[in-house]
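So you can see what is in the structure, the chains are spelled out below.
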Amino acid sequence: QVQVVESGGGLVQPGGSLRLSCSASGGILSINDMSWYRQAPGKQRELVAAVTSGGATNYDDSVKGRFTITRDNRKNTVYLQMNSLKPEDTAVYYCKANIRRTVNTSDYWGQGTQVTVFS
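Here the structure is a predicted model, which is why all the values come from computation and not from measurement. (Residues numbered from 1 in each chain as written. Predicted model: local features only at pLDDT ≥ 70, side-chain atom pairs only at ≥ 80, totals over all residues. Heavy atoms only, no water.)

S.K.: Give me the lowdown on unusual backbone geometry, citing residues and values where you can.
M.R.: Although it is not a glycine, N76 adopts a positive phi angle of roughly 50 degrees. Here N76 lies in the loop between β7 (67-72) and β8 (77-82). Owing to a relative accessible area of 24%, N76 belongs among the partly exposed residues under this scheme. For S84, which is not glycine, the phi torsion reads 50 degrees and is therefore positive. Turning to its location among the elements, S84 is positioned in the loop between β8 and β9 (91-100). With a relative accessible area of 41%, S84 lands in the partly exposed category. (Helix = DSSP H or I, 4+ residues; strand = E, 2+ residues; numbered from the N terminus. Buried < 20%, exposed > 50% of the residue type's maximum accessible area, 1.4 Å probe, protein only.)

Here's what the structure looks like:
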């Protein structure tokens, strides 16, 4: 049984920083892309940042220069360092991992962690 668990959300003032973590476990052979998404109230879930197993990254334009995604393949963990946070970054942040357990791969999602930026 694969588990994907996020942590690190919380309350922060504008301009502040948070670091999210996401770890996957449970019968994993390998992990391809790992990604962070977010969903604000009344809005669709959107991709924030993604990183391949080789370390290539891509970001939504709204977070470029402020957020950094990294991963530790030995720990099956991905991080999202969020700096210069803005009120519009407020959302539930979800981790997605594309995991190989057998021949095929599947996407697994975490339960989400709330990030609230308030003034």
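S.K.: Account for the pairing of strand β3 (residues 18-25), naming residues and giving values.
M.R.: Two strands pair when backbone bridges link them, and strand β1 (residues 3-7) and β3 are joined in this way by five bridges, in the antiparallel orientation. Note that in β3 the partner of E6 across the bridge is C22. Two elements, β3 and β8, share six bridges in a ladder whose sense is antiparallel. If you follow S21 over to β8, its bridge partner there is Y79. (Pairing = 2+ DSSP bridges.)

Treat this as a map of the structure, not an account of what it does.
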